[in-house]
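Commentary on secondary and tertiary structure
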Amino acid sequence: NSVLSTESFGHNIIYRETAPSTNAIAKEEARRGAPAGTIVVAEEQTGGRGRLQRAWFSPYAKGIWFSLILRPHFSPLEASKCTLLAAVALVRAFHTAGLTEAGIKWPNDLLVNRRKIVGILTEMDATMEEINYIVMGIGINTDVARVDLPEDLRDKATSFLLEGVRIPRKELLNLILMELETLYTEVEHNGFANILDEWRKYSVTLGRDINVITPGYTYSGKAIDIDSDGCLLVETDHGVERVLAGEVSIRYK
Ligand code: BT5
């Protein structure tokens, strides 16, 4: 903890050499009353998860695989914007670390030169009225080399190493926790508006022609903006569609 410069984020650390998924552990710990700001970090995940039950590749000591427990006072309806908050915090931290080309692909990816370097998975336990906890899961490829990548990720993924930026994982995690804490504190006081503005600046999705892929059907259009709920607005031949994060993927055309 001596290296941490945060007020509370990361002061309570649950560290595992290996874990199925840090999100699963964090949810368990949150249910058992772990305080806000607790993080779960693993060197390796054997069952790392993305959205829609997709797998997240998390090889030993080659990345930062962690989950942060939050207990916010805002409405459960605002929770999905935590993913946007995390993305903005990560871009800021990456800038400080010397990786300046990272852009945000809505809703939960950071890309460098069209390749994915970060995935974010936000999960929540809440009633209609209030949030019990949020678990924000973040996976960052730091030391992943080309040979480490499975075939299907060779052309889709990148890392700090592959982008030629070297930074110790602890240092990067500290930078990230500082930015997350700063933005989260700002949101608890002033809401999400400023963060959505900053998100727009870092977005590599807005202005693009995209395919929206839902489990049921696919359609195409142009990503024009996000609204105050963090939904993506897509201009199609039939008018503007409002796309909710969670159950969709988008693909650039
Ligand atoms: C995500 O899902 O991008 C969210 C990933 C969240 C991972 C963190 S790690 C800590 C915490 N614990 C967990 O179990 N999860 C969180 P999605 O948008 O569904 O993207 C998944 C897709 O990304 C996969 O289908 C692959 O195509 C690709 N992918 C998997 N592993 C990758 C990696 N290491 N780097 C780049 N792309 C990857």
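The sections below set out a description of the structure shown in this document. (Residues numbered from 1 in each chain as written. Predicted model: local features only at pLDDT ≥ 70, side-chain atom pairs only at ≥ 80, totals over all residues. Heavy atoms only, no water.)

So, the overall build of the protein
For the protein, the count of helices and strands is four helices and 12 strands. Relative to the globule expectation of 18 Å for 253 residues, the C-alpha radius of gyration of the protein, 17 Å, shows essentially globular dimensions. Summarising its shape, the C-alpha atoms of the protein cover approximately 55 × 45 × 30 Å along the three principal directions. Looking at the protein as a whole, 51% of its 253 residues are labelled buried. Across the protein, contacts joining residues at least 24 apart in sequence account for 65% of those joining residues at least 6 apart. Mean positive and mean negative side-chain charge positions of the protein (28 and 34 charges, respectively) differ by 6 Å. (Helix = DSSP H or I, 4+ residues; strand = E, 2+ residues; numbered from the N terminus. Rg over C-alpha atoms; globule rule 2.2 N^0.38 Å. Buried < 20%, exposed > 50% of the residue type's maximum accessible area, 1.4 Å probe, protein only. Contact = heavy atoms within 4.5 Å. Lys, Arg positive; Asp, Glu negative; His and termini not counted. Charge placed at Lys NZ, Arg CZ, Asp CG, Glu CD.)

What about the packing of helix α2 (residues 81-97) against helix α4 (residues 193-202)?
One can describe the packing of α2 onto α4 by two numbers: an axis separation of 9 Å at closest approach and a directional angle of 60°. Considered as vectors, α2 and α4 are oriented oblique to each other. Here the hand of the crossing between α2 and α4 comes out left-handed. Facing α2, whose interface residues are Lys-81, Leu-84, Leu-85, Ala-87, Val-88, Val-91, Arg-92 and His-95, α4 presents Ile-195, Leu-196, Glu-198, Trp-199 and Tyr-202. (Axes fitted to C-alpha atoms, helices over the stretch in contact; angles between N-to-C directions. Parallel < 35°, antiparallel > 145°, perpendicular 65-115°, else oblique. Left-handed = near helix turned anticlockwise from the far one by under 90°.)

A short note on the sheet that holds strand β3 (residues 63-70)
Taken in spatial order, the seven strands line up as β1-β2-β3-β7-β6-β5-β4 in an open sheet, and their pairing is mixed. Either end of the sheet is taken by a strand with one partner, and the two such strands are β1 (13-19) and β4 (103-105). Strand-to-strand twist across the sheet, computed as the mean angle between neighbouring axes with direction ignored, equals 20°. Pairing of β3 with strand β7 (residues 131-141), which is carried by eight bridges, proceeds in the antiparallel orientation. Across the sheet, residue Trp-65 finds its bridge partner in β7, namely Gly-139. In this fold helix α3 (residues 169-190) packs onto β2 (39-45), β3 and β7, with an angle of close to 30° to the strand it touches most, β3. (Pairing = 2+ DSSP bridges.)

Observations regarding the site of the ligand
In the neighbourhood of the ligand, 27 residues make up the surrounding shell, with Ser-21, Arg-49, Arg-54, Lys-116 and Asn-141 lying closest. Side-chain polar atom of Gln-45 to a nitrogen atom of the ligand: 2.9 Å apart, as the coordinates give it. The pocket occupied by the ligand, as judged from atoms lying within 2 Å of grid points, is the largest pocket. When residues of the shell around the ligand are traced back to their parent elements, those giving at least two are α1 (22-31), β3, β6 (115-126) and β7. Of the residues that constitute the shell around the ligand, the class distribution is nine nonpolar, 12 polar and six charged. (Near = heavy atom within 4 Å. Polar contact = N/O pair within 3.5 Å; in protein donor to acceptor, adjacent residues only side chain to side chain. 1 Å grid on protein atoms, 1.4 Å probe; cavity = no way out; pocket = protein on both sides within 12 Å on 5 of 7 lines; lining within 4 Å. Sits in = over half its atoms within 2 Å of the grid points. Nonpolar A, V, L, I, M, F, W, Y, C, P; charged D, E, K, R; others polar.)

Description of the layout of surface pockets
The calculated volume of the largest pocket comes to roughly 1,000 Å³. Forming the boundary of the largest pocket are 41 residues, of which Arg-54, Trp-56, Asp-109, Lys-116 and Leu-153 lie nearest the centre. Elements supplying a minimum of two residues to the lining of the largest pocket: α1, β3, β5 (109-112), β6, β7 and β12 (249-252). Among the elements that take part in the lining of the largest pocket, β6 stands out by supplying five residues, more than any other. Residue composition of the lining of the largest pocket, by class: 17 nonpolar, 13 polar and 11 charged. (Points joined across faces, edges and corners; volume = space filled by probe spheres on them.)

Section: the sheet that holds strand β8 (residues 209-213)
Sheets are built from strands paired through backbone hydrogen bonds, the pairs being either parallel or antiparallel. Read from one edge to the other, the open sheet built from five strands follows the order β11-β10-β9-β8-β12, with strand pairing classed as antiparallel. Where the open sheet ends on each side, the last strands, each with one partner, are β11 (239-243) and β12. Taken pair by pair, the neighbouring strands of this sheet meet at an average axis angle of 45°, ignoring direction. The sheet contact formed by strand β10 (residues 232-236) and β11 spans five bridges and is antiparallel. Residue pairing for β11: Thr-236 is matched across the bridge by Gly-239.

Quick look at the nonpolar core
Within the largest apolar cluster, 65 residues are counted, with the highest numbers of intra-cluster contacts made by Phe-66, Phe-94, Leu-110, Ile-138, Ile-140, Phe-160 and Leu-180. A total of 12 residues in this core trace back to one element, the largest contributor, which is α2. Discounting chain neighbours no more than four positions away, the residues touching Leu-180 are Phe-9, Phe-66, Leu-68, Leu-85, Ala-86, Ala-89, Met-136 and Ile-138. (Core = buried A, V, L, I, M, F, W, Y, C linked by side-chain atoms within 4.5 Å.)

Here's the deal with unusual backbone geometry
With an omega of -5°, the peptide bond between Trp-106 and Pro-107 qualifies as cis. Counting through the fold element by element, Pro-107 comes out in the loop between β4 and β5. We note that Gln-53 has phi near 65°; this positive angle belongs to a residue other than glycine. The residue Gln-53 is located in the loop between β2 and β3 in this model. For Gln-53, a relative accessible area of 66% corresponds to the exposed category. One non-glycine residue, Arg-114, lies in the positive phi region at around 70°. Structurally, the position occupied by Arg-114 is in the loop between β5 and β6.

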